[in-house]
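Residues per chain, in single letters:
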Amino acid sequence: MTVEQLSQVDMGFLEQMEDAGRRYATRTAERDGHLEALEQHGILHADTQDRVSNRLNRLGVDWAMATAVERTPATATTGTSLALDGELVSTDLLVLERFMGRNDLIGIDYLEGGFLAARSVGRITVRSPGSSHTGTGFLVSPSLLMTNNHVLGSAEEAAAGVVEFNFQAGMDGRPQVPVVFQLDPQSLFITHRDLDFTVVSVCERSRDGQPLAAFGSLPLKEAQGKAVIGELVNIIQHPNGEPKQLALRDNQIVDVLDDFVHYSADTARGSSGAPVFNDQWEVVALHHAGAPRKDRDGNVLAVDGTRWHPSMGEHRVDWKANEGVRVSRILGMIQQFPLSGAAAALRAELFAAGSSLRPEEVSPPTVLTGRTNGAAPQSTTVDRSGEQHATTGSVRWSVPLHISVSLGADEALQPRAASPAAAPVVAPAAAPAHRAVTPSYVGSLAGIGSIDGQSPAERDLAAALVNLAAFSARPYYDEAADLTARDAYYAGIQASNPTALRLALTQRLESTHERRPAYKPMRLLYPWVDLHPDEKLHGIYSNNGFTPEELMAADAAVEAARIGRWQEFMLHEGAPGREAIEAEFDLLEAALPFNCEHVVPQSWFAKKEPMRGDLHHLFACESTCNSFRGNIPYFDFPDFDEAVRHACGRLEPGKFEPSEGKGPVARATLYFLLRYPGKIGDEARELQRAGLELLLNWHGDHPVGLYEQHRNAAIAEVQGNRNPLIDHPEWAEQIDFAGAWP
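Participant: Tell me about the overall build of the chain, and please be specific about residues and values.
Facilitator: Across its full length, the chain holds 21 helices and 25 strands. Burial statistics for the chain: of 742 residues in total, 56% are counted as buried. Counting contacts in the chain only where the partners sit at least 6 residues apart, residues at least 24 apart contribute 68% of the total. About 31000 Å² of surface is accessible on the chain, with carbon and sulfur atoms providing 52% of the total.

Participant: Give me the packing of helix α18 (residues 662-675) against helix α20 (residues 706-719): which residues, what numbers.
Facilitator: Direction vectors running N to C along α18 and α20 enclose 35°, while the axes themselves pass 11 Å from each other. As for how α18 packs across α20, the hand of that crossing is right-handed. In contact with G663, P664, R667 and Y671 of α18, α20 contributes Y707, E708 and Q719. Here the residues of the contact of α18 with α20 are counted per class, giving 3 nonpolar, 2 polar and 2 charged.

Participant: Tell me about helix α6 (residues 109-118), and please be specific about residues and values.
Facilitator: For an α-helix the count is 3.6 residues per turn, leaving residues at separations of three or four pointing the same way. Y110, G114, A117 and A118 are the residues of α6 that are buried. Looking straight down α6, one finds its buried side chains confined to an arc of 95°; they lie on one side. Seen from the buried face of α6, the exposed residues on the opposite side, beyond 90 degrees, are D109, E112 and F115. Packed against the buried residues of α6 are β3 (121-128), β10 (232-237), β11 (245-256) and β13 (275-277).

Participant: Break down the pairing of strand β24 (residues 649-652) for me, citing the residues and quoting the values.
Facilitator: Here β24 runs beside strand β25 (residues 655-658); their pairing, made up of 4 bridges, is antiparallel. Following the sheet pairing, E652 is matched in β25 by K655. Where β24 folds back on β25, the antiparallel hairpin that results is connected by 2 residues, among which G654 adopts a positive phi of roughly 75°.

Participant: Account for the state of the cysteines, with residues named and values stated.
Facilitator: Under the counting rule described, the total for this entry stands at 1 disulfide. The residue that forms a disulfide with C625 is C648, at a sulfur-sulfur distance of 1.9 Å. Around the S-S axis, the bridge from C625 to C648 shows a dihedral of about -75° and counts as left-handed. Note that C625 is positioned in helix α17 (residues 623-629) and C648 in the loop between α17 and β24, a separation of 23 residues in sequence. A single burial state applies to C625 and to C648, both of which are buried. In this structure C596 is a free cysteine whose sulfur lies 8.1 Å from that of C621, the closest cysteine sulfur available. C596 sits in the buried class, given a relative accessible area of 2%.

Participant: Break down α18 for me, citing the residues and quoting the values.
Facilitator: Given a rise of 1.5 Å per residue, 14 residues ought to cover 20 Å, and the 20 Å separating the end C-alpha atoms of α18 matches this to within 8%. Burial runs high along α18: 14 of the 14 residues are buried.

Participant: Outline the sheet that holds strand β14 (residues 283-292), supporting the account with residue identities and numerical values.
Facilitator: Strands sit in the order β10-β11-β12-β15-β14-β13 around a closed barrel of 6 strands; the barrel is antiparallel. Taking the axes of each pair of neighbouring strands and ignoring which way they run, one obtains an average angle of 45° across the sheet. Note: strand β12 (residues 260-264) against strand β15 (residues 319-326), 4 bridges, orientation antiparallel. Bridging from a neighbouring strand, H262 pairs with E323 of β15. Contacts from helix α8 (residues 327-336) reach β14 and β15 within the one sheet, and its direction differs from that of β15 by about 40°.

Participant: Give a detailed account of the pattern of salt bridges, specifying residues and quantitative values.
Facilitator: Tallying each qualifying case throughout the model produces 39 salt bridges. The partner of R193 in a salt bridge is D19, and the shortest N-O contact between them spans 3.0 Å. Remark: D19 occurs in helix α1 (residues 3-26) and R193 occurs in the loop between β8 (189-192) and β9 (197-201); sequence separation between them is 174 residues. Note on R193: relative accessible area 32%, which makes it partly exposed. Judged by its relative accessible area of 16%, D19 falls in the buried class. The shortest N-O distance in the salt bridge between R565 and E222 comes to 2.6 Å. Taken together, the positions of R565 in helix α15 (residues 548-573) and E222 in the loop between β9 and β10 put the pair 343 residues apart, joining distant regions of the chain. The exposure class assigned to R565 is buried, which follows from its relative accessible area of 12%.

Participant: Can you lay out the nonpolar core for me, pointing to particular residues and giving the numbers?
Facilitator: Formed by 116 residues in total, the largest nonpolar core has its most connected members in F197, Y526 and Y541. Beyond its immediate sequence surroundings of up to four residues, F197 is in contact with T147, N148, N149, I190, T191, H192, L286, I330, M333, I334 and F337.

Definitions and limits used
Residues numbered from 1 in each chain as written. Predicted model: local features only at pLDDT ≥ 70, side-chain atom pairs only at ≥ 80, totals over all residues. Heavy atoms only, no water. Helix = DSSP H or I, 4+ residues; strand = E, 2+ residues; numbered from the N terminus. Buried < 20%, exposed > 50% of the residue type's maximum accessible area, 1.4 Å probe, protein only. Contact = heavy atoms within 4.5 Å. Areas by Shrake-Rupley, 256 points an atom, 1.4 Å probe, with all protein chains shown as cover. Axes fitted to C-alpha atoms, helices over the stretch in contact; angles between N-to-C directions. Left-handed = near helix turned anticlockwise from the far one by under 90°. Nonpolar A, V, L, I, M, F, W, Y, C, P; charged D, E, K, R; others polar. Arc of directions from axis to C-beta. Pairing = 2+ DSSP bridges. Disulfide = S-S within 2.5 Å. Expected span 1.5 Å × (residues − 1). Salt bridge = Lys/Arg side-chain N within 4 Å of Asp/Glu carboxyl O. Core = buried A, V, L, I, M, F, W, Y, C linked by side-chain atoms within 4.5 Å.

In structure tokens:
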């Protein structure tokens with residue numbers, strides 16, 4: 001192997017090995033303490049009580065039961081019952097006894113679980129000019145594969161790679177025929193050097209036409225309690241590129257760090273990119289490296305005692321311990337990557353796959369990327385008859401055709417004429433009264449069971465599709481009808497003095513805000529309200545264009561993932577308090593955001609309705625820009641045009657200036673001040689009175705256009721109220737906005 005090849009292929013692994021070795025060395029005292037506790041007191045006492053309690057909960061056993069078993073002589077337990085405080089308690093103790101090391105017997109279902117888990121593990125092979133290497137990877141969703149960063153360090157490297165499933169011996173001992181899939185980093189590629197993971201999309205069909213779905217997936221779960229110190233774990237792998245092999249309960253966890261877990265073995269080693277399983281075949285870590293034995297000169301030793309060289313392969317290193325990256329830390333990092341469109345939908349699919357529910361319980365819409373062995377991406381459009389047509393684009397999704405006929409009046413807008421005299425548009429029903437027990441935004445996750453075989457995400461997507469079809473024949477903007485509606489709306493309001501004008505407008509905006517839809521951007525915002533004249537949605541801060549179908553499908557996948565993780569939370573928390581519920585929902589929204597921006601951030605008004613769902617300040621916005629801004633107030637940088645900045649704008653501590661959309665966001669914020677006086681501006685991080693001049697300047701510098709006129713008319717049909725700054729831009733200088741602050 002040449003030096004150049006070493007630098008390209010092996011340096012990443014060498015760096016990870018050195019880092020793992022340093023971490024292992026610095027934890028000697030802690031590790032010795034864990035091993036001593038295991039030896040003297042048992043597995044219930046080697047890790048923290050919280051972690052052990054979480055583990056027992058996942059095994060279906062409480063702390064009292066476990067300690068009762070611990071007090072009972074091993075010969076007194078039968079595997080099916082236990083005498084507890086003089087009474088016979090009927091329970092299956094086999095799992096608990098095996099966990100505690102009191103019973104070596106394993107249920108026969110264990111083998112079936114391992115067989116099913118193994119089918120999702122494949123060998124990665126990368127062949128590019130000048131180099132070739134292998135690793136292990138495993139499917140973590142119907143479309144995505146996970147491995148190490150040092151196996152696939154770049155999208156270019158992944159594009160030259162394939163994953164082979166069934167590269168193993170069959171029951172007759174003969175080699176099976178591998179099924180080869182091309183990797184597809186153009187659809188999604190996420191990598192992180194420090195946590196040494198890569199997630200990459202895989203083509204839907206193999207080179208010989210077999211479906212990727214046939215190989216299942218190993219869902220990743222954030223829940224705590226998947227494994228504790230002292231527990232034995234399993235590794236399914238392709239060591240040194242060899243046929244698939246299994247290290248069965250041969251690795252014992254000896255230490256748990258913030259980001260990593262250490263496990264030692266007498267014989268079996270790990271392979272880069274392999275999944276590490278507990279006895280329930282849940283993935284607890286991504287194997288990536290270990291702590292090697294070294295001679296006195298610091299050289300890594302091979303298993304035969306000689307000096308090791310990368311050309312020998314990692315399987316020949318004399319490891320002191322293996323190291324894996326904790327799944328919960330990987331998932332937390334994946335959440336932070338700025339993705340939008342099809343890539344965001346694929347990420348949401350990964351989190352949906354990790355819920356504790358069966359597919360029939362949480363059934364997100366099928367969000368695919370239209371990829372078949374390098375073929376061009378496709379999308380699906382729906383015409384007025386309900387027919388689906390594949391067209392070139394960036395997202396393809398499939399929805400059962402029956403969805404368009406199973407909706408109630410509260411789930412979809414009905415087609416109607418554009419006349420202002422027509423019957424009002426039916427908006428999604430407001431939250432029912434019983435949701436007052438918890439905040440309205442948490443209530444949106446209540447009652448999430450399927451109806452007529454449809455999950456909530458499917459129902460929302462169905463309603464959005466109906467709305468999209470209903471509006472397809474309407475004119476984008478009927479100026480004559482809108483002018484008539486505008487004049488009627490402001491009848492009797494005079495621009496006499498600044499305070500009187502403000503008060504009159506506030507009263508009119510509130511009294512005419514008759515319909516107050518809950519926050520569901522895919523149902524109303526994407527199909528019609530926020531469309532631009534080119535019939536696309538544009539990110540408010542970036543001006544990037546998206547088809548309505550693209551953002552609708554992406555948000556449906558996000559909603560399905562949120563529901564899955566919410567049910568996972570409720571399953572393991574039991575009866576959480578109000579604060580815990582609110583905190584969990586905040587985490588869900590931060591981790592899995594919709595492609596929608598509140599130009600007045602939700603944190604400024606505590607996510608309360610009707611502010612949260614008020615369409616006047618909601619805009620399509622790819623999650624990249626949504627997360628980029630956060631809840632930072634707007635600012636005008638003097639050197640904005642000359643500075644190097646993100647596509648979404650420029651961000652400095654406490655200051656954000658968008659690249660696009662300054663006029664619309666200014667008018668939306670001014671509307672908010674009029675409609676909800678006193679609701680924002682009472683804290684330093686919110687909009688202060690000094691920021692009023694900035695909004696008025698943006699309003700004047702970026703006049704109202706056709707897009708905002710369309711938005712205003714569309715929102716008036718849904719909610720009943722209008723934005724005065726769009727209808728009468730001249731009023732901006734005549735309104736006492738300062739009186740709207742607390």
